[in-house]
Amino acid sequence: MADILAIADVKINGPDQWDLQVHDNRFFRRVLSQGTLGLGESYMDGWWDCERIDEFAFRVLRADLYKRARLGWKSWLEMLLAKLVNLQPKGKAARNAQRHYDIGNKLYLRMLDKRLTYSCGYWKNADTLDQAQENKLDLICRKLRLQPGQRVLDIGCGWGSFAGFAAERYGVEVVGVTVSREQAELGRELCKGLPVEIRLQDYRDVREQFDHVVSVGMVEHVGYRNHRTFMQTAARCLKDDGLFLLHTIGVNYSRTSADPFTDTYIFPNCLIPSLKQLTQAMEKIFVVEDIHNFGPHYDYTLMAWFDNFNQSWDELHGEYGERFYRMWKYYLLSSAGSFRARNNQLWQLVLSKKGILGGYETVR
């Protein structure tokens with residue numbers, strides 16, 4: 001194992017911030033037999049530490065060491081199930097979301113920006129998380145060419161950050177749908193007094209038409225078996241001359257099952273899509289007007305979230321406990337390293353139903 005890690009300039013019990021400090025020798029067998037799941041679980045169990053998990057993940061992923069990792073029996077089973085079974089049917093989709101988003105608003109209030117935007121910020125000309133998230137929300141509004149009085153559907157609206165911003169700054173009406181009860185309740189409170197309706201509703205049940213449709217950080221929870229249905233739903237809800245903005249994390253190659261650690265502990269039955277999977281799902285439904293990749297900005301966003309989480313831990317410790325702290329720290333910092341290594345991407349796609357006559361003018 002030390003020989004493999006050496007390819008990424010990572011040492012066992014070495015002096016650098018990204019080196020692993022192993023406290024329990026069972027760590028080696030566990031990682032070799034269980035791969036990324038064993039790596040994350042053994043960190044949660046306190047078997048190893050690392051001063052800079054983000055830098056460790058960056059080096060390991062940039063060196064493509066994941067290609068050498070073994071998959072345990074659980075990982076193979078999950079891959080098989082993903083091919084045979086729809087892991088995101090209506091009823092289960094809500095339960096999957098609740099395991100992440102309904103673990104307590106207090107955590108997200110301490111970790112996120114003032115608008116509770118749980119997706120990648122846009123750090124162009126921004127020095128703070130609040131500004132980066134407002135930049136992102138404004139970028140979406142400008143890409144959609146929002147006009148006062150228009151009606152917008154937000155699929156997977158979270159706590160209503162986009163809905164509130166668009167209503168305040170651009171004078172539009174927004175209907176947001178989420179399957180998280182805690183998100184819906186707090187989102188309604190945060191958007192009180194604005195022309196915003198937040199529904200506890202599965203996106204597949206929306207039947208109205210809107211001037212524009214937006215979905216930020218939602219399609220990762222849809223599952224590849226439902227990508228086509230997702231696109232068909234967005235098109236059904238979009239007027240012929242409207243635009244659909246899809247904001248999503250992306251990967252460089254197609255998969256049908258998620259990373260085992262992420263699937264088990266963070267986002268159950270999630271799947272980060274590839275461009276191939278998305279474009280296949282939208283064939284004969286949408287025209288791609290624009291693709292914007294600002295994946296490196298997620299590195300900055302995740303590091304800001306971790307700083308907020310870490311600084312607030314004394315307030316959160318009593319509700320979550322030490323093992324949760326290590327799990328959440330590993331999730332945030334290893335994710336930051338993945339974006340830094342360009343292993344993950346962040347795409348914004350602007351889509352139309354028939355193509356914009358004369359072309360779409362890109363916005364950055």
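Residues numbered from 1 in each chain as written. Predicted model: local features only at pLDDT ≥ 70, side-chain atom pairs only at ≥ 80, totals over all residues. Heavy atoms only, no water.

1. Regarding the overall build of the protein
Check the secondary structure of the protein and you find 15 helices and nine strands. Computed over C-alpha atoms, the radius of gyration of the protein comes to 21 Å, within 12% of the 21 Å expected from 2.2 N^0.38 for 364 residues, which places it in the range of a compact globule. Principal-axis analysis of the C-alpha atoms places the extent of the protein at approximately 60 × 45 × 40 Å. For the protein, the residues scored as buried account for 58% of the 364 residues in total. Only carbon and sulfur atoms are counted for the fraction: they give 49% of the accessible area of the protein, which is about 15900 Å². Taking the average location of the 48 positive side-chain charges in the protein and that of its 45 negative ones, the two points are 6 Å from each other. (Helix = DSSP H or I, 4+ residues; strand = E, 2+ residues; numbered from the N terminus. Rg over C-alpha atoms; globule rule 2.2 N^0.38 Å. Buried < 20%, exposed > 50% of the residue type's maximum accessible area, 1.4 Å probe, protein only. Areas by Shrake-Rupley, 256 points an atom, 1.4 Å probe, with all protein chains shown as cover. Lys, Arg positive; Asp, Glu negative; His and termini not counted. Charge placed at Lys NZ, Arg CZ, Asp CG, Glu CD.)

2. Remarks on the packing of aromatic side chains
Taken as a whole and assessed by the stated rule, the structure comprises 27 aromatic pairs. Taking 6.2 Å as the distance between ring centres and 75° as the angle between the ring planes, the aromatic pair formed by Trp123 and Tyr300 counts as edge-to-face. In this pair, Trp123 sits in the loop between α6 (105–111) and α7 (129–144) while Tyr300 sits in helix α13 (residues 296–311), placing the two residues 177 residues apart along the sequence. Among the residues examined, Trp123 registers a relative accessible area of 16% and is labelled buried. (Phe/Tyr/Trp six-rings, centres within 6.5 Å; stacked < 30°, edge-to-face > 60°.)

3. Points about α7
Spacing of three or four residues puts side chains on the same side of an α-helix, whose turn is 3.6 residues. Taking 1.5 Å per residue, 16 residues should reach 22 Å; α7 reaches 23 Å between its end C-alpha atoms and fits that length. Inspection of α7 places Leu129, Ala132, Gln133, Glu134, Asn135, Lys136, Leu137, Leu139, Ile140, Cys141, Lys143 and Leu144 among the buried residues, and these make up the whole buried set. Phi for Arg145, located one or two positions after α7, is positive at around 55°. (Expected span 1.5 Å × (residues − 1).)

4. Some thoughts on the state of the cysteines
By definition, a disulfide is the covalent link that joins the sulfur atoms of two cysteine residues. Here the structure, examined in full by the defined rule, presents zero disulfides. Of all cysteine sulfurs, the one in Cys141 lies closest to Cys120, which takes part in no disulfide; the gap is 16 Å. Overall, the relative accessible area of 0% leaves Cys120 in the buried class. Its sulfur unpaired, Cys141 is 13 Å from the next cysteine sulfur, which belongs to Cys191. (Disulfide = S-S within 2.5 Å.)

5. A look at the side chain of Ser334
With respect to the element layout, Ser334 can be found in helix α15 (residues 322–340). Judged by relative accessible area, which is 17%, Ser334 ranks as buried. Polar side-chain contacts of Ser334 include one of 2.5 Å to the backbone oxygen of Tyr330. Ser334 has contacts with Ile53 and Ala57, leaving out every residue within four places of it along the chain. (Polar contact = N/O pair within 3.5 Å; in protein donor to acceptor, adjacent residues only side chain to side chain. Contact = heavy atoms within 4.5 Å.)

6. Re the sheet that holds strand β3 (residues 151–155)
A sheet is described by the order of its strands in space; here seven strands give the open sequence β5-β4-β3-β6-β7-β9-β8, paired in mixed fashion. Each end of this open sheet is capped by a strand with a single partner; those strands are β5 (196–200) and β8 (287–293). Strand after strand, the sheet turns through a mean of 15° between neighbouring axes, direction not considered. Across six bridges, the pairing between β8 and strand β9 (residues 344–352) is antiparallel. Residue pairing across strands places Val287 opposite Ser352, the latter belonging to β9. (Pairing = 2+ DSSP bridges. Axes fitted to C-alpha atoms, helices over the stretch in contact; angles between N-to-C directions.)

7. Thoughts on the packing of α7 against helix α8 (residues 161–170)
One way to put it is that α7 packs onto α8 with a least axis distance of 10 Å and a crossing angle of 65°. With respect to α8, the element α7 is oriented roughly perpendicular. Classified by chirality, the crossing of α8 by α7 is right-handed. Taking contact as the criterion, the partners of Glu134, Leu137, Asp138, Ile140, Cys141, Arg142 and Leu144 in α7 are, on α8, Ser161, Phe162, Phe165, Ala166, Arg169 and Tyr170. (Parallel < 35°, antiparallel > 145°, perpendicular 65-115°, else oblique. Left-handed = near helix turned anticlockwise from the far one by under 90°.)

8. Digging into the pairing of β9
β9 sits mainly inside the fold: nine of its nine residues count as buried. Burial along β9 is two-sided: the residues Asn344, Leu346, Gln348, Val350 and Ser352 and Gln345, Trp347, Leu349 and Leu351 are all buried. Pairing of strand β7 (residues 238–251) with β9 involves nine bridges; the strand directions are antiparallel. Across the sheet, the residue bridging to Leu245 is Val350, located in β9.

9. Quick word on the environment of Ala132
Note that Ala132 resides in helix α7. Overall, Ala132 belongs to the buried group, its relative accessible area being 0%. Between the C-alpha atom of Ala132 and that of Ser257, which follows or precedes it by 125 residues, the distance is 31 Å. With residues near it in sequence (within four places) discarded, Ala132 still touches Gly121, Tyr122, Trp123 and Ala126.

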